[in-house]
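# Reading the structure
Here's the letter readout for the chains.
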Amino acid sequence: MLPQSLGSKIALAAGALLLALLPLFASPYYVELGSYALIAAMLALSLQLLVGATGIVSLGHAAFYGLAAYTVYFLTPDGAPRSIFVTLPLAVLASGLLALLVGALSLRTRGFFLLMVTLAFGQMVFFVFHDTKIGGGTDGAFLTRPIIALFDWQLPLTRRQRPIAVYYVALVLLVAMYLFLVMLLRSLFGRVLEGIRVNEHRMAALGYSTYRYKLAAFVVAGMLAGVAGHMWAMHRGFVNPELVGWHRSAEALLMILLGGLGTLHGPILGALAFTGLGEIAQLLTERKLLVEGAVVLFVVLALPQGLSGLRLPRILTRKAEPAGRLEPEPHG
Amino acid sequence: MADAGTASAILATEGLTRRFGGLVAVRDVSLTLNRGELHAVIGPNGAGKTTLVGLLAGELRPSAGRIVLDGADIGGVPAWKRTHLGIGRSFQRTNIFPTLPALENVRLAAQAVARGANLLRPAASDTKLVETAQAALARVGLSGVAARVAGTLSNGEQRQLEIAMTLAAHPKVLLLDEPLAGMGPEEGQRLTGLLKDLVREHAILLIEHDMDFVFAVADRMTVMAEGTVLAQGRPDDIRANREVQDAYLGGHA
């Protein structure tokens, strides 16, 4: 799950640096696209805590993402903008509470049933926003974007600077989320999640209340999805029911699959690749989804560990890795 | 019959019964496990031995009867909590974490009962748990393979790992469900020695098919057939029991 070798750590740092440099040479359009990709990466990364780390597959994850975006809307439908230091904690809190409720009920089931129950809860949230007027209904609604301000101080931004600032906020949050999850998975708590993924029945026999641990992971994942959803609101200044729909949840799962189930950075790779792929597909053809689907299918078939399983050719690295090892994760 | 010295009894069942639909897998079983005693449960396939372990470990709920641990009825306590009350079990079919290192398998077992551990602390820095795990591995003779991924260990080693996991939680009562299954003769000998050593600190309930092994290690025995208790007593009494000979021991007596 976590990068072990020095080489992979350097590669990750280099990747982060590359992302940090992007606004210096990319056009405003691509900065906006980059922000979108970073937000998608946060959503996929938050879901990886459940899917890759704990072995829980949820189809309702977008509910926590979307609720955070709607929370920003409820706080500032229009008029005076609020500080990100107000909107972010409240949005994350709202997502966490919803995750606690959904998780408490759905984690009583497992596997396929869990998939269906989370899907049902996600769709319930979807229809609340779709069929009632509380969030602007089907059409969605504009909101006043949160600003970067603390007490009387506010970061002054021109219209041109704003998207770049949003990009960097998203990047900082993504890196922070990644480092937080590294810390979490290395902790005693993370080891329990790993045990649950490998053999939940045995964990229960060892004396773990696996339900409580799974619920804790579910709530944390929901809150992290809230960070992503809040960022969406800050980025687009607009919410609509699609944000909470199951398509969004499925897309995040696809990104994880594309990037790799077995690593923490896989979902980030997957989200960036998926967003880039969508862009290229749109340029080349009118059938964007078809191209996306074909590429994802190809990657999953050709690279069982996803994009994060890609390695430099052996001639370049010289150090041949033995194939077919059983998930070599050094402990201790 | 059972010389149940209730003063030293740590685990007891009274009229324990478990039905699956119309089938009564365990019927009216009363047995006593004393401190410092190895109590073997034997019986042909389908006698209800594994169901009995499931009931004692909390994976199954009794349909009737009581399970008393240290004077308290624990029949309704879920499996994960029973570990904290001091019941440890090993499984008949190897049940480990195959993709994790052997040491981590045992470390997880130790962590499960560690009190007041800060869950956000890096696992690698908690040396106490690692030491507990290493000690348990040493006890079953697996120190040399601590770093190996558990799924790559031999069958017999995995059986020993299973026991190390049970020991790491420092249980008062050990429920061992056919620990010998899949072990070679040498490993079996080693286990015999280990059990004789362990019984000084634990009460052990052993389920086993291998009669030579059982008669070598057991202090007391319960013979089950078709869910009920056929006989209880010391190994010598059981060997001499005509009913048991007819039903089960056959040529062994």
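Residues numbered from 1 in each chain as written. Chains lettered and ligands numbered in written order. Predicted model: local features only at pLDDT ≥ 70, side-chain atom pairs only at ≥ 80, totals over all residues. Heavy atoms only, no water.

On to the overall build of chain A. Counting secondary structure elements, chain A contains 12 helices and 4 strands. Here chain A has a C-alpha radius of gyration of 20 Å; the compact-globule value for 332 residues is 20 Å, and the two agree. For the C-alpha atoms alone, the extent of chain A along its principal axes is close to 60 × 45 × 45 Å. Here the contacts in chain A between residues at least 6 apart in sequence split such that 79% fall between residues at least 24 apart. (Helix = DSSP H or I, 4+ residues; strand = E, 2+ residues; numbered from the N terminus. Rg over C-alpha atoms; globule rule 2.2 N^0.38 Å. Contact = heavy atoms within 4.5 Å.)

It is worth spelling out a nonpolar patch on the surface at this point. Judged by side-chain polarity, A:Val86, A:Leu90, A:Leu93, A:Leu97 and A:Leu100 come together as a nonpolar surface patch covering roughly 420 Å² of accessible area. Taking relative accessible area as the criterion, A:Leu100 reaches 40% and is therefore assigned partly exposed. (Patch = residues over 30% accessible without salt bridge, like charges linked within 9 Å, V, L, I, M, F, W, Y side chains within 5 Å. Areas by Shrake-Rupley, 256 points an atom, 1.4 Å probe, with all protein chains shown as cover. Salt bridge = Lys/Arg side-chain N within 4 Å of Asp/Glu carboxyl O. Buried < 20%, exposed > 50% of the residue type's maximum accessible area, 1.4 Å probe, protein only.)

A separate point is the confidence of the model for chain B. All names here are of chain B. Averaged over chain B, the pLDDT score is 88; the fraction of residues at 70 or greater is 95%. Summarising per-element confidence for chain B, the mean pLDDT is lowest in helix H9 (residues 242-249) (74) and highest in helix H3 (residues 102-113) (95). Note on residues 1-6: pLDDT under 50 across the span, and 7 contacts to partners over four residues away in sequence or across chains. (pLDDT = per-residue confidence, 0-100.)

All names here are of chain A. On the secondary structure map, glycine 260 appears in the loop between helix H9 (246-259) and helix H10 (266-284). Classification of glycine 260 by relative accessible area gives buried; the value is 0%. Glycine 260 sits 44 residues away from proline 304 along the chain, and the two C-alpha atoms are 7.7 Å apart. Aside from chain neighbours lying at most four places away, what touches glycine 260 is Gln48, Gly266, Pro267, Gln305, Gly306, Leu307 and Ser308.

Attention now goes to the interface of chain B and chain A. In this complex, chain B contributes 36 residues to the contact, which on the side of chain A involves 28 residues. Of the roughly 2,600 Å² buried where chain B meets chain A, counting both sides, 63% is carbon and sulfur surface. Three residues, B:Trp80, B:Phe97 and B:Thr99, lead the burial of chain B against chain A; their summed loss comes to 22% of the area buried on that side. Remark: the boundary between chain B and chain A carries 2 salt bridges. Here B:Glu104 and A:Arg191 are joined by a salt bridge, their closest N and O atoms 2.9 Å apart. The tally of links from chain B across to chain A stands at 18 residue pairs in polar contact (both at pLDDT 80 or more). Breaking the side of chain B that touches chain A down by element, the ones donating at least two residues are helix H2 (79-85), H3 and helix H5 (155-168) of chain B. Here the side of chain B that touches chain A gets 6 residues from one element, more than from any other, and that element is H3(B). Class assignment of the residues belonging to the side of chain B that touches chain A gives a composition of 20 nonpolar, 9 polar and 7 charged. (Buried area = accessible area lost by both parts, 1.4 Å probe. Polar contact = N/O pair within 3.5 Å; in protein donor to acceptor, adjacent residues only side chain to side chain. Nonpolar A, V, L, I, M, F, W, Y, C, P; charged D, E, K, R; others polar.)

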